[in-house]
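In case you want the letters, here they are:
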Amino acid sequence: MLVLGIETSCDETAVGIVEDRFTVRSNVVASQVDLHAPFGGVVPEVAARAHLELLQPTIERSLVEAGCRLEDVEAIAVTAGPGLAGALLVGVAGAKGLALGRDLPLLGVNHLRAHVEAAQLEFGELEPPVVALVVSGGHTSLVVLEEPTVDGARPGFRQLGSTIDDAAGEAFDKIARFLGLGYPGGPEIDRLARSGDPTAHDFPRPLAGDGTYNFSLSGLKTAVIRELRRLEAAGREVDLADVAASFQEAIVDVQVDKAVRAATDLGIDTVVMAGGVAANSRLRARMADAMERTGGRLLVPHVQLCTDNGAMVAAAGANLLAAGQVAELSLSADPNMPLADLPPDPAGPTS
Ligand code: KG4
Ligand code: ZN
């Protein structure tokens with residue numbers, strides 16, 4: 001059973017084809033980075049127009065790479081939210097056209113859930129309970145994937161905590177811009193930080209040790225900017241690699257600590273990392289060390305499955321199909337679609 005997944009929630013036009021829920025047949029990403037780079041961030045209108053131009057050729061490339069034809073595809077999955085409204089609408093409208101034209105089931109996918117379910121493409125079925133750290137350009141949260149309450153249903157997500165201000169990727173991108181690095185900033189900081197000293201600057205670790213699973217990043221961002229201005233005013237030379245490494249370490253410290261603590265507190269031994277920031281080499285290494293110490297299991301897919309891609313949408317769509325959750329052709333885009341579909345645990349130590 002082949003499911004084709006379409007992803008247009010932000011600045012990547014991506015189409016993937018997944019076979020039988022677990023096998024990637026193709027995963028093609030047409031990046032718009034060059035279009036948005038001059039603006040230092042994603043311009044929603046530019047993104048939507050580019051999706052419109054890139055969607056059809058990306059579908060064709062994905063079919064060629066998968067070695068199949070559109071006639072072989074048995075369901076169409078598409079990211080329905082969260083994301084940029086205009087960008088999402090292009091993918092949703094395109095998916096509806098395909099589903100209607102070929103009389104195929106349409107599957108409306110939650111982008112954040114798809115980031116987590118991408119792990120099944122590398123590690124097989126995710127067996128709940130699992131703690132998931134979801135860190136992307138627009139989102140930072142800790143959730144638990146729980147057993148379905150009804151036979152045949154999908155597991156549910158319960159929120160433990162989330163950022164109270166900026167998302168992790170947003171902080172990486174903003175600081176990279178401030179340091180005069182390219183866009184998107186996460187990979188640039190990751191690269192530069194490798195030659196820097198993570199202890200060179202003592203940046204704050206907001207909300208570390210506060211007993212919740214929440215995150216805060218705007219204070220850290222301000223502290224980095226203030227430190228740079230102070231050094232410049234004092235006529236001191238600034239080593240950007242040291243700044244990048246110290247900033248990254250502050251983010252990684254809190255994320256590793258809270259994710260590992262959530263697993264320990266809840267007695268859960270598997271942690272999944274998902275989303276674009278999960279591509280960060282320092283976060284991956286530190287989390288692997290921490291999980292090794294606790295004896296837990298860490299699931300982090302390859303970088304191409306962490307950043308936005310179509311295969312994760314196809315996998316999440318295949319899960320929806322298996323649970324019989326097919327969308328109507330009236331499917332709309334929901335820019336604010338939440339990840340958690342279970343109510344927060346009232347006994348939990350979170351906000
Ligand atoms: O999940 P994603 O591809 O798109 C969204 O759903 O937002 O995440 C994009 C974010 C960007 O902010 C980007 O800078 C960040 O992920 N990112 C990274 C790395 N690669 C991508 N952040 C830190 N280190 C990386 N290696
Ligand atoms: Zn994403």
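Predicted model, so just to flag it, every value in this text is computed and none were measured.

Draft legend 1. Layout of the overall build of the protein. Each helix and strand counted, the protein has twelve helices and ten strands in total. Taken over C-alpha atoms, the radius of gyration comes to 20 Å for the protein, in line with the 20 Å a tight globule of 351 residues would show. Along the first, second and third principal axes, the C-alpha atoms of the protein reach 65 × 45 × 30 Å. When contacts within the protein are restricted to residue pairs at least 6 apart in sequence, those whose partners lie at least 24 apart make up 74%.

Draft legend 2. Seen up close, the environment of R102. Structurally, R102 is set in helix α3 (residues 85–102). Sequence separation between R102 and F172 is 70 residues, and the spatial gap between their C-alpha atoms is 42 Å. When sequence neighbours within four positions are dropped, the list of residues in contact with R102 reads L70 and E71.

Draft legend 3. A look at the packing of helix α8 (residues 218–233) against helix α9 (residues 240–266). Packing of α8 against α9 leaves a shortest axis separation of 11 Å and a crossing angle of 160 degrees. With respect to α9, the element α8 is oriented roughly antiparallel. Our pair here, α8 against α9, has a crossing hand that is right-handed. Each of L220, V224 and L228 in α8 lies in contact with α9, whose residues at this interface are V243, F247, A250 and I251. In terms of residue class, the contact of α8 with α9 is made up of seven nonpolar, no polar and no charged.

Draft legend 4. Structural detail: the site of ligand 1. Contacts to ligand 1 come from 20 residues, most closely from G137, D173, D190, G276 and D308. Contact distances for ligand 1 include 3.2 Å between an oxygen atom and a backbone N or O atom of G169. For ligand 1, whose free accessible area comes to 550 Å², the fraction covered by protein is 88%. The site holding ligand 1 turns out to be the largest pocket. At the level of secondary structure, the elements contributing two or more residues to the shell around ligand 1 comprise α4 (111–117), α6 (168–178) and α7 (185–193). Looking at the shell around ligand 1, the element that brings in the most residues is α7, giving four residues. Each residue belonging to the shell around ligand 1 can be placed in one class, and the counts come to five nonpolar, twelve polar and three charged.

Draft legend 5. Molecular detail of unusual backbone geometry. That bond from P128 to P129 is cis: its omega, 0 degrees, falls within 30 degrees of zero. By secondary structure assignment, the location of P129 is in the loop between α5 (120–123) and β6 (130–135). Cis geometry is adopted by the peptide bond preceding P184, which originates at Y183 and carries an omega value of -5 degrees. Along the polypeptide, P184 turns up in the loop between α6 and α7. The phi angle at D20 is positive, at roughly 50 degrees, despite the residue not being glycine. On the secondary structure map, D20 appears in the loop between β2 (12–19) and β3 (23–31).

Draft legend 6. Just empty space enclosed by the protein, in detail. For the structure on display, the rule yields one cavity of 30 Å³ or more. When its volume is computed, the largest cavity comes out at roughly 60 Å³. Forming the boundary of the largest cavity are P206, F215, S216, L217, L220, A250, I251, V254 and Q255. When residues of the lining of the largest cavity are assigned to their parent elements, the largest contribution, four residues, is made by α9. When its residues are assigned to classes, the lining of the largest cavity shows seven nonpolar, two polar and no charged.

Conventions and cut-offs
- Residues numbered from 1 in each chain as written.
- Chains lettered and ligands numbered in written order.
- Predicted model: local features only at pLDDT ≥ 70, side-chain atom pairs only at ≥ 80, totals over all residues.
- Heavy atoms only, no water.
- Helix = DSSP H or I, 4+ residues; strand = E, 2+ residues; numbered from the N terminus.
- Rg over C-alpha atoms; globule rule 2.2 N^0.38 Å.
- Contact = heavy atoms within 4.5 Å.
- Axes fitted to C-alpha atoms, helices over the stretch in contact; angles between N-to-C directions.
- Parallel < 35°, antiparallel > 145°, perpendicular 65-115°, else oblique.
- Left-handed = near helix turned anticlockwise from the far one by under 90°.
- Nonpolar A, V, L, I, M, F, W, Y, C, P; charged D, E, K, R; others polar.
- Near = heavy atom within 4 Å.
- Polar contact = N/O pair within 3.5 Å; in protein donor to acceptor, adjacent residues only side chain to side chain.
- Areas by Shrake-Rupley, 256 points an atom, 1.4 Å probe, with all protein chains shown as cover.
- 1 Å grid on protein atoms, 1.4 Å probe; cavity = no way out; pocket = protein on both sides within 12 Å on 5 of 7 lines; lining within 4 Å.
- Sits in = over half its atoms within 2 Å of the grid points.
- Points joined across faces, edges and corners; volume = space filled by probe spheres on them.

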